[in-house]
Structures are given as C-alpha cells and as structure tokens.
Amino acid sequence: MNILFNWVGRTVSVLRLGEEFGGPDRSSSLDRRAACPQATERRPILFRLIGDRSSLRLRPTRKQPCLIPLLALLLVSTSWGQRALTDIPDPDPEFQQSLMVPAEGFEISLFASEPMIDKPLAISFDGQGRLWVASTTTYPQIKPGEVASDKVYRLEDTDGDGVADESKVFIDNLLIPTAILATPEGIYVGNSTDLMFYEDKDDDGVADNEEVFLSGFGTEDTHHIIHTLRAGPAGRIYFNQSIYIHSYVETPRGLRELKAGGVWRLRPETLELDIFNHGLVNSWGLQFDKWGQVFQSDGAGSEGINYAFPGAAFRTNVGVDRFMDGLNPGQPKLSGLEIIQSSQFPDEWQGRLIVCDFRGNRISSFKVEDSQSGVVSLQKQDLVTSTHGAFRPIDVQLGPDGALYVADWYNPIIQHGEVDFRDERRDESRGRIWRIAAKDRPFVKVPEFKESSIKELLDLLKAPESWTRTQAKLELKARDARVVSRELQSWLATLEPENEEIDHHRLEALWLMQAIRGVDMKLVDTLLQSEDFNVRAATVRVLEENPKDNEDALEVFEWTIGDEHPRVRLETLHALRALGGSRSAKLAMKAYSESMDDTFEFGLWRTMEALEEDWLPEAKKDPSFFGEDARKLVYAIGCLNKPDALSPLVVHWEAGSVSEAATLPALELMGELGDDSVLEIVFAAAAEVDRAGRPGGPAILDALLRASEAGNRSPKIARSDIEALLGSAREAVRSRTAKLAGSWNVSSVAGRLERIAADLETGPELAEAAVEGLALMDAEAADAALKRLASDRTPSTIRLRAIAGYARSSPDSVAMLAAEGLAIAQESDDPLPLIRPYLTRAKLANQLASSLRGKRMDTEVATKALRLLGSAPVDTSELKRAIEDAAGIEPVDQALDADEMAEFIAFTQTNGNARRGEEVYRRDALLCYTCHAIGGSGGSLGPDLTSLGASAPMDYIVDSLLQPQKKIKEGYHVVSVSLKDGSVISGTLSKEDSQSITVRDASDRSLVISKSDVASQTISPVSLMPPGLTASLRKDELADMVAFLSELGKEGSYKVSSGRIVRTFRYLHDQDGDSGFADLLRHKPFGYVTSEDPMFEWRPLYTKVDGALPLDGIPALRQHGRTRMHYLRFQIDILTAGAVGLSVSGPEESVLWAGDKMVERKNDIYAFDAERGSQTITLAIQEDLPNKSKLSIEIVDIEGSSAQAQVINGK
Amino acid sequence: MENGLRLCRFHAKLPTHLPTNMISRYLKSSMHRVAKLLILGILFGSPSTISLRADSFELKEGDRVAFLGDAFFERTVRFGQIETALAARWPDRKIVFRNIGWAGDGPEGRARAFFDPIEKGFENLKMHLGLADPTVVVIQYGSMAAFERREGLASFKADMNALLDTIESETDARIAILSPTPREYRSYILSDPRSLNRDLEIYVDALKALAKSRGAFFVDLFNTLETSTERNNIKPITTNGIHLNEYGYFLVAERIAQAFSEYSSAKAIEVTKGGDVAESSGINLVDARVSKDSIVIELQDERLSLPPLGGDFSRNLTLAFADLPRGEYRLEFEGRVLATGSAGRWKQGIQLAWEPSNDQATALQETIKRKNELFFHQWRPQNETYLRGFRKHEQGQNVKELPMWDAFIEKEEMKIGELKKPKPYRLVLKKAHGGEG
C-alpha cells in the first residue's frame, strides 16, 4: 500500500481516505451525512450513477478527475486493517461546508481551497486587501532527501465577490512556515530558526528580495516554532513561541534568550527586541483590543482566555517565579484569536473574542469585561460548529471587508507528539479559507491605502474597523515621518471635542507617533486628563516601552500611580518596572494595599522582584525606605523571598517599630527566611501570641516549619518553651510544635510526643504530627519511642502511623515492620505513607519486597499501593511482584499488537456504545475522575479529556488506556528529581521557581523540594497513570468506554456545551446508614445542612458530559416526617458582585440556599445577591421526584445586573 | 601566485577594500601590464594577513573541516561563499566541509542545551563535532560575548580554552580561529557602532592572543574589513550592523581562503598574435588556433573564483591580446558576445563582466548550499524533543530517518567534487566588420 500510495500520490490518498466511510460499521456517520440535504443535492452526476453508498466512498474533490481506473488498484490492496482505525471525513469543500453551522444571523462561505493554497497555518491581509497565507505540506517533519519547499501564497479576490480568484506562489523554499505578517514594506515570515523578511518591489506576487531578519529561534517541536505574528497598536511587531522552544537570538543590541513559551516584542526599524511576557503552553492566539490590551489563547493549556501585559507570566513559563491564571479554567484548548471590531458584525458582537477550538471543530466566542485591575471572561455562543472532523480552524482574522476569515488547516490528525510523523492518515494537501459574515449587513468598503493621501489615511484612524486602523498606521509608518507628524498635528486640531470617540482618535495618534518618531508628551498630557480609564491606561502603556527616552516619564508616573482606577495604577507598575531605579521602586510601593486584586498584586510583585537591585540596598541603609508602615517592607521582602533580603525587617523588629497590623506578616516572613537567631525571636513571639490567645500562632509556626524544611535550622529553643506550646489550647498549635520539636531535634520532649501519639483520644492531625516529630528527631530516645509505638501491642491505627513515621526516618532498618504494617492495613487505611519511603531507592524497594514474602495483603490496599508504584522513579518491579503475590492479584499484560488493535477497533466501531461507555467511565472503581476532568470537572493530575475524541484517533485512546506509558500528553510528563542524599522523587511538575520545585505524585500529593537539595532534575518518560486500571473491564465494557471517549468533543451529545454549567458537586454522605447521624440531621432545622458541621461528609459527584447530574445510587436522608432528601453542594465564583441567577432544570421542586440563605425560585431561576468571592450553594432535592435524574444547573445572567459569575468545577 | 607574493612586499600597504572605480583609476597609470594584472592579485589578496605571518593553513587531501560558531556560520548555509571559496581553492583535493554553526551560541554551547542545563549544551556541541568528525576545526565565537564588555572577557576566554582543550583532547584536528567581523553603521539599527567596536576589539585581541598561545591559526576579519560608517557611506557588508549580508560573505570568503594559503585571485592572461602566452596568472591556455579572421583560445582556470555579485566582477578574467592589427574586435563564447574593444583596448586587457566559469562557480555554490541544507536537517533536525529528547519514547522511532540523509548528502558531495574542478572553455576573438565599434 505504501508503494501505491507514493506512486499515485495524493489522488489515491483521497480515495483511500474517502473509502473509509463506506464500511458497515460507519452507519452513524452515514446517517449524519444522509441527513444533510445540501450535500446530496450537490453530488456530481458521476456519483449518482455509481449509487448512493459508493458516492460517499468515492467523493472526489473537484480537482481529481481520473478516479475510476484507480478504484481497481485500491480494491486489491491488502492493508484494510489499518483503515478501520480512521475516521476520515469526505474532503469535498462543499460537503464540508454543508456540515458547518454558523450562529444565528451569520453565513459561512468558501474563500479559497486547494489547489489555490495547500495547508494554511497562518494568514495576514495586506493593505491592498490581498490575503497572504503561510502553508506547509512538510509538517510535521521534513523527509530525508527533501529540499524545503513550503510556500507562502498571495490570494486575491479581484472581482470583489468574496471568493479568491488569483493565487500566486510568493516564496517556495520554506520549512514549515508558522507565521506571517504583511506590511507595506514587505512580508515577515516565521520560518524554522529564522524570522524572514521578503520584499516584492515589482509587486508581481513573487518575492524578489529575502533577508534573515532575526535568527536563533528553537525548533524542538514544529508546532511550537515562532508563530502568531501581529502588528501591535504602536508599530511594534509581536510574535509568540511555545513551551518546548529555546531561543537565543543575536540582535545588534545583544543576545536575547527565551526558554519555553512567551511573546516577543520587536521594533523592526531598530531591531530592538524584548520579551513581552512569559509562559503558556502553545499560544497560537494573540490580539489587541481597542485599547491596546493584549489577550491570548492557548492551544494546549486549557484556561481559555489569558489577559497579558508587559511582564505577565503564565503557567509553564521558565524564568519567572510566579504566574497568573487564565480567565476560563477548564475550557477546551484554543488556537487563533481575533477581537471583533467591525461594523459588518452586529452590535452585540463588538469587542467579542473569537477563538478557534480546533480540536472541537468549532469557533467559539468570549466576552471580556473589566474587573478591578484585570478582566473577567465569559464564554458566549459559538460562531460556527461543525461535525466535520477535519475542520481545523487555526488562524482567524478580520478582513478588509469587515468579514471574518478563518484558516482551516484541514486535517483529521492534528498532532505529531502522540501520532506518528508518517501516519498515513495525515492530510498533506488540503486547506481552506472560510469567510464568515453577518447576513443582511453591508460589507465594509475597502479603503485604498496606497493611493490615499496622508490626510485621508489619518481619517481612517477613526474607522470602527480595527483592521482599517491598523493598516492605516502601517501605511503612514511607510510614509515620510516628518510630513506625517506635521499633518498629524493639524489633524488633531480638527477633531471635534463633542465627539464621543475623540480620546480614542487621539490615542491612535499617540500610537502612530510612537511608531514613527517617539512618544508625544503633549498628547500624553492631554490623554491623561481623559475621563475614560482605558485611555489613561493605554497612555501609560505607551510610556512603558522606552521610559528612559522621556525625561518626564517619572513625573507622569508619580501622577498615575495614584490614579483612581486600578488598571491605570497597574499599567504604571509595568512602566516603573521598565524605567527602573530606586525612585521607581519606591513609587511602585505607593500602590500597595492589603486589598489588591490578584492581577494587581502580580504586577506589584513583578516590579519589586525586578527592581531588587535598585531598592534592596536602599532599604538596607534605611529600613523605613518605603515609609513607616512595615507592612510595605514585609511585602517587598516577601517578593524577593530570600534570606539575604530580611535584614531591614529584623532591624525594624528589634527597634520595636513594627506596627500591630504588620506584626503577624512580619513574624511569618522572619520565620520563613530567618537564620537561627531570628527563628528564636519568632518562636518566642509565637509563644507570646498563643499565650495572649491571639490568632496567628499556627501561621507563624507554619512559616518556621517551611524554613526548617527548606534547609537545616537548629535554633536554640528551651525544652520548657516547647513544652509550653505543646500544652497550648489549640490543637493546630500543638501539632505544629510537635513537628518543630522533631525538626529542631529537641529530643528531650520525645517522651511527651510518645504519650501524645499513644493516646487514643488524640485527634488524627496531632497524633500524626507527634509521630512525625519523633521521626524527624535524630535521637535514640525518639527511635525507641517509635519502636514502642510500632509494636504489635498498640492499636492498629496508631501502629500503622508509627511504622510509617519510623520508616520515614530509617527505612532500611524497619522494612520488616513496614511489611507487617502493609499486612495488617485494612481497606480504610492509607498504605501510601508506609510505602513512600521505599520508593526513593531501588535497594529499599527490594528490601521491602523481600520482607513482604509470605505475607498476605488486602486487595484494596494492594491496589492503592500498586497505583503509586507505576510512576516510581526507581525500579520497583520486585516490589510490584511481591505486592501482587501478597494480595493474589494476577498481573495482566494489556499491550495489543497491530492485528489485535485493528480487531478491537473494528469491534468497538460495531458494538461500542458511548452512552454505556459513559457509565463505565463514571464507575468509582476506575478512578477516572480522580485524575481527569471533562469540561473542567474532575481531577487535574492528568489531561482534561473534553475534546479527546475530536483530536485523538481511536487507536491512540486504546493505547493510552492499556499502556499509559506509551503516549504522554505535553505538560503531563513526570519529572524525576534526584536529591543530594541519593533519593529520587517523581511527579508532575506543578511549580518551579528559583528556590524550589513542587511536584505532585500519583496520589495527588504535592511535594515541595528545596532547590538546594536537588542534585539533578530530568524529565522521565513515564506516565503518572498506572497501567492496569482498565484490567477489570470486560472487552465489551472497554469498547463502550473507548466509544464514549472517542465521541468526546465531537459535535453531538458528548461535546461540552459552552454554558456555565455546574459540573462538580458534593453530596452529603449518609455515613453508611449510621442511625445516629440520621437522627442528628432529622432533629436539626431544615437549613442546618448549610452549616459546616464537621459531622457532615461531603463526597464528590460529577455531572455527565451533557451536564445532567445522576442522583441514582446517591444516598437520601430523611428530613422531618417521611420525606427523604438528597443534599448537594457546589461553589460558584462571583467575579463582580450583584444579582446572580441559577437555572435549575430537571426536578420540579428543589430547595436552594446561597450560603445559609434560602433563595426563592421564580420561573426555574433562583436569583440572589452575591458578594465578590466564592459562594457556596446547597441544594435539597426530594428523593422520589420524577425527572430528578435530569438535574442540571447553570449560571444565568439576571437582566440589569452587573454581576459576573463563573462556575468552579475541578475535583 | 609566487610572483604575487614577491610583489606584494612592495604594495602591502594598499587598501584592502577599494571600490572598483578606484582600482581602475589606479591601473590606468603606465605600469607594465603584467604588473597591473598582478596588482589585482594583491588587491584581492589579503595584504595585512600576508604581511603579518609566514605560515599558512593549507587544507589537505582528505580533510574534513568543521565550521563551529554562532550565526556567522549558521547564516552561510544560505549563502555558501566561504565553503565555495575554500572548495575551489584546492580543486584537486577531496575536502569535506560540515557546518555546525548555531545562532546565539557561545563556546560553552549554550544554544545547544535544549531543556537541559548549559553543561548539556556543551555535551551536544561535542556530539555535533563528532558528527562532523573533523580533521580541521574553524571556530568563530565572540561576537555576542563582546556585548558583555570587559566584564565578560574572563569567562569567554575560559570557555574558549575549555572548548579548545576538548577539541585537542578528543580529536587530532588542526584549529583555526576567525575573529568576529566589525560592527557596522546601519542608520536606525546601529546609529553609532563605535563603542560596540571598541568592546569587540578587546575580544578580537584576546582571541588573537589565545590563538597564539595555543598554536592555533588566526584570521583577523575585524581589522581587515572596511565597514560603512556615518561618514564613509560605502556598500554595506551587513544587514543589520552585526550580521554579514551576501556581499559581506562574498568579501569574507575570499579573505579567509587567502589567509589560509594565499594565491593570486586575479585571473589574467595575455595572448600573443601567434597564439602563445605572454603573461598569465591563475589561468592556463590549453590550446590556441589562429586563423585569418579569428583567434580561438581554449582556457582553463587554475581554480574557480566566486561568481560576480552585485556588479562586482573584479575576480573575473582580464584578457589581453598583444599586437592585434588596428580595428575593432569582439570576443565570443558559443556565439554570445562577451566584450568588444579596439586593438588598443585589447592590448591593455579587458576584464570580462561574465566569464564561462562563472556559471560553473554558481552551480558549485548552489550545490554546496543544497548540501549544507540537507546536512542541517540531519544534524539539527526539527522536533528534537520527539526524536532524541524526553518524548522520544513516543516518536523516537522516527530518529531512524536521520542517517538516511547521508546518502543524499553524499550525492551532493560527489557533484561538488566534480563542479569544483575548472572546466576548459573556448573563446573566439573576431574582427568586428564594417563600421562596428
């Protein structure tokens, strides 16, 4: 087949792929297609002759005339088996179009397709309205012997009918060009290691001059290479790189380095290049709104829209210690992004963010609104949905006519990380550009930029279309700067003061001046008087770029740091960071307050951290550098988070000049960063706080614990002082003190700790702390105490705890005890603390394995232990066998060979049932929800599965279930950290900064490792998902589950809707029918369930993909009389206070409390006023109501309310 | 060539980088023709390097040359002149070139580290050297380090020494160090490169001292290239002030070849009335037939020169015919007229704007570029993460494709081997009839 494939080339590939529809197992697809009248009507005559079924098999594209003879060749081919793996849709553009559903009031049409283009990755319109397309047939990897020949096409719609009719090959020697930007000077193309620049002086559509503009960009992953070239509002060019890329770029101003994801900002005239922000996994979307604010989407992270600014840092960044969250956690992954500013679109769409959900074959929309210094983002309706599995919207741009243009990369396979480079199902020849426009609204008249006078171009800055304004600025930048700036001044004078948009026009003028000459400070003064904070914020941003060029900048910032709007203050922080100097740092701290919102706090942290060298020496000289209020100093030092910075605060403390309000934060910081002598001060102060009965003691002690974990500390603490706190009235204080005693090796209190641990009345937290304290102590007395606690005379709970502690301190000497512990552990016990110490070295694991010989283990306990073993950083094969033997578990080898896989896929396609599969997926025993989320609901240890089916072929899904190690999603790799003591810790990397690494292990436990303990750190090819999870399933059950997973994200019942549906609930457990508990509840008032009674045990419960929450199998509890109720809880996040609505569908009656207030229901909506912050909702539903299985809850907007609310899903 | 050497003792102070019109003005003086021809050789030779040293750095049969450095070498994959000049320099020797330059790299291998700490970058640098398997390593680093000014010098020297130690201990390769090229005035991009050049000079001096102390060959490109400045607006040699443009590489290529082992880059020949050679340099007369209407000569370059670039054909053949009868004569190649001139002009010598071996040299350069592109895909493939990095357990099966490039590279090497040998070509000088000329 391969030979045939190569020989007859792409024509055959079309046929092969087309054929796959025909099989009997594809009936569901057939139905869907048959239901589509346009597709049938437009079918060419040839295929009507062949018959209905064949026509589906053989639908050609218009460009492939000689199909019939090839059919014969195909029919004798032997490798049909592989085909069963595929779900390759019909490639005919008309057919594809027939499966696209635009939002109400919109229409979609084909602007261009192959062979006018091939596979588009990025698009850009030039000032003459021509569309430049960067495309690749080489992706994902050039084949041996090939010479790079990817292309940039120039498309033109010469007759203005909305369809391209001319295509020129502009360049043809590219290697996977990932970015393009057309400017009047020439065309920028992101190509492999280079940012290229091409000119077309004779305008014939063929490049006549090429230049390497910048080079040194990494290529470690061909869909991460520099991309998303965008013209910024003020003449700069922005472009992105993604997580795997490491770039070292030589510029005339020195080397610029960027590791992992980030956005580059370039001034092309001077080659000034800087890093605008850091992070995100694979951000193929970046756009500026009307005010120059930057928004990004992420094609591999799933937090929806991200609000970016200079110095911002997002998840997975390298080099910045903290990061900001995305605005829509749990959203599908999103590619290209555009912001609607076009009169062709209806009013309600203006400002809307349009993003490509390339996995889910749809184009979604979001609305962002200001919220304090940052923004909130809410998902709105989809602009286009499609059931066509090869529709891959990747880039989206407003065009000159005001319509929206979408580059459709067209491919059934989207990835090369998990799917082989040479997978035959990859489409290597097709691509489409779609045009989406509002029906019955006029198109925008395309301006003639080149022929326009400067005056006319300036007037275009008033256009409502962002595209027009951007092009006008680009064209003006290409004109004589002196003339333009002169005419600009007279143009400004002609603006009418009563025009609502006057400040925006002026802002455009300011941006233009910045692009051609430099910041116009007179205009800055004018704009800072604007009543619109957006204008003032944008004005400050203009100064951020090169504040040192303007002598008056600092004066401006002194004014704007006190602006009434937090956005303007935030922008000032960015600018001060860029300006630098101790005065800037001091000014930045003026913006400090205890009620800063998260975005703002990030901005301040970033500034104080960046300006360390400017302010720290000053603060050391003068501890009151930031003023008398020590909270500012505490905050600033906290930003640096290093012991060297602490001294000014200690001086303050010793002088007694730390105010009451600053005391607790100061103590925490000193506890965390201080040396032994400071720790002594802090401990004494903690004792004082506790004695006085003031809160805060535990937090201070936690800080001391963190310090001790981070490095060996041994302050001199008297036994009596420890004893005093061990006798505290607060358990939280007692337990922390117990740990500290161990950590500081105060062995004289070992006896006391032993008594605490041995006391059956001691609460679990304190008991564990006492054992931990003993384990941490390096003293014979402590070992002896642990030995006694671990002996078989003590009750098993205490014994298990003691063995675990003992194993932690000296695993090699207590392997026998640990094995015994595993043997006595029951289903309800947690065996992980016992096992963990033995997973850091292969020798220890083997020791435990031999100690287990001849012992019996509970199956549940063994299963839990085996799960942890799967991702252990050392060889645990012997231990695995030992545990399996002890529990009588039969290991299963689940790998399928190619034939078995083909057979299983065929079986799944015939017999698999997604509805049943969802039930299998939801089974408790499989633990799927523990680690994976759907629609953001569930655990986050593994990838979110929302659009798995739309993006991954079935064989990939099967492999991932049976052999989790085989394919690992980016960002979910296990990091193995070798410590200097020789042990190894592994887990997914959840955070890394200059001081520490945080990993989460297979049991979802977070471990913070101090960088000073780390010997080396490597990414290891293992998955945290343990193999064998599906071993208990029958073949048909597994097939059902695969059918379910492969429907996820496809248009239909298993696509997560864009509504704000509550998906993660907790239900009140009935304590296994415990009558005491039932009585307690029955005798309390009805609303008592809203309280935080510790007796309540709320267990997680997740909705199905369609948003319905099944209540079958969930216990109901009796409430007064005979009524039995299900009690449910969930939380929502109130971003802006106001009236919030919850629509509850399904059961006709339910009782709902927001906090402890019962809310009235009107027309199925519960509306209530909510404050900012997270809000707990409790719900009671009668057990015997009909339709209770259709319960579904969604946040809805209340008319006239300014409230903004988001669901909080997660685990 | 040897004559050129002798002569240049007298003219070593000639400027190294003169505009063509200045050269012709210079040649209009009444000096002996051959002397003139040979002076061309000096002009395009490298007087300053010649006067500075007596040794050479000749490439030998069977040599494998690795180009190691930053963007200076990386960008030559697009241009190819350095390798073309060196390949053409020894047309009969089998010499293989492998370019492992990497933009942004330093002698510690930082740009090659991918996800790992910088030490791994150096390990990868060694791996790249291993792939090139060199007998000669030509190194250029320092351009980026110089931005660290004097403060960065010590660590740069330490890194260079460590690199040289490694090369010396792991290979028997001869080492040549090229200095960085000077920063150039480029209006908005580099409005004043002077202080940058002062910083750079510190590094150049250090490299020179380092080369001397380590017995490595040194080529000074910093002091021998003339750059455009605010006052001296000559044809620029960089695109952005720090990276050479095509013309810059054109100049640098020959400078390096000359520094390695100087030769007369001027091709000149004077043919007598009887079809004999009166004087020649860099070119041989294979055959000549004199008839009543024409002189047919068959010529063969001793070595190919770089094809003309941007109107600069000063490396092309200057052809002179002594003692022609009065009249106008035109020179033809396969029916195409290459030059026309009076007997007097031909006596003086006419330099050809295009010569037949230009096409061959262009073909050589194109083949070298293609070979280098193929090698680039092999030694520095895209998707490193999946091929050899931490996701190789997923797509590592595709790493089997990397050795497959060898066959394609070897095919181009064979073509290069053929193309670098100058082929003889035949020119015909005919009397122009009637009132022509």
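Residues numbered from 1 in each chain as written. Chains lettered and ligands numbered in written order. Predicted model: local features only at pLDDT ≥ 70, side-chain atom pairs only at ≥ 80, totals over all residues. Heavy atoms only, no water.

**Some points on empty space enclosed by the protein**
Residue and element names in this part refer to chain A.
- What the rule picks out here adds up to 15 cavities of 30 Å³ or more.
- Empty space within the largest cavity amounts to approximately 770 Å³.
- In terms of lining, the largest cavity is formed by 45 residues, of which the most central are His932, Pro943, Leu945, Leu948 and Ser960.
- At the level of secondary structure, the elements contributing two or more residues to the lining of the largest cavity comprise helix 38 (928-931), helix 39 (948-951), helix 40 (954-962) and helix 41 (1035-1047).
- No other element matches helix 40, which puts 4 residues into the lining of the largest cavity.
- In this model, the second largest cavity occupies a volume close to 390 Å³.
- Residue lining of the second largest cavity: 28 residues in total, with Ala231, Gln287, Ser466, Trp467 and Thr470 positioned closest to the centre.
- At the level of secondary structure, the elements contributing two or more residues to the lining of the second largest cavity comprise strand 3 (120-125), strand 7 (177-182), strand 11 (227-231), strand 17 (285-288), strand 24 (393-398), helix 10 (466-478) and helix 12 (502-516).
- Sorting elements by how many residues they give to the lining of the second largest cavity places helix 10 first, with 7 residues.
- Partitioning the lining of the second largest cavity into residue classes produces 13 nonpolar, 8 polar and 7 charged. (1 Å grid on protein atoms, 1.4 Å probe; cavity = no way out; pocket = protein on both sides within 12 Å on 5 of 7 lines; lining within 4 Å. Points joined across faces, edges and corners; volume = space filled by probe spheres on them. Helix = DSSP H or I, 4+ residues; strand = E, 2+ residues; numbered from the N terminus. Nonpolar A, V, L, I, M, F, W, Y, C, P; charged D, E, K, R; others polar.)

**What to know about the sheet that holds strand 5 (residues 150-156) of chain A**
All names here are of chain A.
- Ordered by their spatial adjacency, 4 strands build an open sheet running 3-4-5-6, and the pairing between neighbours is antiparallel. In this open sheet, the two strands that pair with only one neighbour each are strand 3 and strand 6 (166-174). Strand-to-strand twist in this sheet, taken as the mean axis angle between neighbours without regard to direction, amounts to 20°.
- Where strand 5 lies against strand 6, 6 bridges are found, and the strand directions are antiparallel. Looking at the pairing, Asp150 lines up with Leu174 of strand 6. (Pairing = 2+ DSSP bridges. Axes fitted to C-alpha atoms, helices over the stretch in contact; angles between N-to-C directions.)

**Quick notes on a negative patch on the surface**
- A cluster of like negative charges, contributed by Asp525(A), Glu551(A), Asp552(A) and Glu555(A), occupies part of the molecular surface.
- You can see Glu551(A) is positioned in the loop between helix 14 (533-545) and helix 15 (553-560). (Patch = residues over 30% accessible without salt bridge, like charges linked within 9 Å, V, L, I, M, F, W, Y side chains within 5 Å. Areas by Shrake-Rupley, 256 points an atom, 1.4 Å probe, with all protein chains shown as cover. Salt bridge = Lys/Arg side-chain N within 4 Å of Asp/Glu carboxyl O. Lys, Arg positive; Asp, Glu negative; His and termini not counted. Charge placed at Lys NZ, Arg CZ, Asp CG, Glu CD.)

**Looking at the confidence of the model for chain B**
All names here are of chain B.
- Confidence in the prediction for chain B averages 88 pLDDT; 87% of positions are at 70 or higher.
- Counting interchain partners and residues more than four positions distant, the pLDDT-below-50 stretch residues 1-54 has 72 contacts.
- If you check the scores for this complex, the pTM reads 0.83 and the ipTM reads 0.89. (pLDDT = per-residue confidence, 0-100. Contact = heavy atoms within 4.5 Å.)

**Section: the interface of chain A and chain B**
- Contacts between the two partners involve 59 residues from chain A and, on the opposite side, 46 residues from chain B.
- Buried surface at the junction of chain A and chain B, both sides included, amounts to about 4,300 Å², of which 54% is carbon and sulfur.
- Applying the counting criterion to the chain A and chain B interface returns 3 salt bridges.
- Joining chain A to chain B, the criterion identifies 25 residue pairs in polar contact (both at pLDDT 80 or more).
- Of all elements in the fold, only strand 9 (194-199), strand 10 (209-215), strand 13 (246-251) and strand 14 (254-259) of chain A reach the threshold of two or more residues within the side of chain A that touches chain B.
- The element contributing the most residues to the side of chain A that touches chain B is strand 10 of chain A, with 6 residues. (Buried area = accessible area lost by both parts, 1.4 Å probe. Polar contact = N/O pair within 3.5 Å; in protein donor to acceptor, adjacent residues only side chain to side chain.)

**Quick look at the pattern of salt bridges**
All names here are of chain A.
- Under the counting rule described, the total for this entry stands at 102 salt bridges over all chains.
- In this structure, Arg706 and Glu672 form a salt bridge, with 2.7 Å as the shortest nitrogen-oxygen distance. Highlighted residues: Arg706 in helix 24 (residues 697-710) and Glu672 in helix 22 (residues 660-673), separated in sequence by 34 residues.
- A relative accessible area of 25% places Glu672 in the partly exposed class.
- With a closest N to O distance of 2.8 Å, Asp1040 and Arg916 form a salt bridge. Here Arg916 lies in helix 37 (residues 914-921) and Asp1040 lies in helix 41, a separation of 124 residues in the sequence.
- Salt bridges here are not isolated pairs; linked through shared partners, they connect Asp126, Arg130, Arg154, Glu156, Glu166 and Asp203. (Buried < 20%, exposed > 50% of the residue type's maximum accessible area, 1.4 Å probe, protein only.)

**Concerning the packing of helix 20 (residues 630-640) of chain A against helix 22 of chain A**
All names here are of chain A.
- Two elements in contact, helix 20 and helix 22, have axes separated by 9 Å at closest approach and are oriented at 30°. On the basis of their axis angle, the class for helix 20 and helix 22 is roughly parallel. Taken as a pair, helix 20 and helix 22 cross one another with a handedness that is left-handed. Of the residues in helix 22, those touching helix 20 at Ala630, Arg631, Val634, Ile637 and Gly638 are Ala661, Ala662, Pro665, Ala666, Leu669 and Leu673. (Parallel < 35°, antiparallel > 145°, perpendicular 65-115°, else oblique. Left-handed = near helix turned anticlockwise from the far one by under 90°.)

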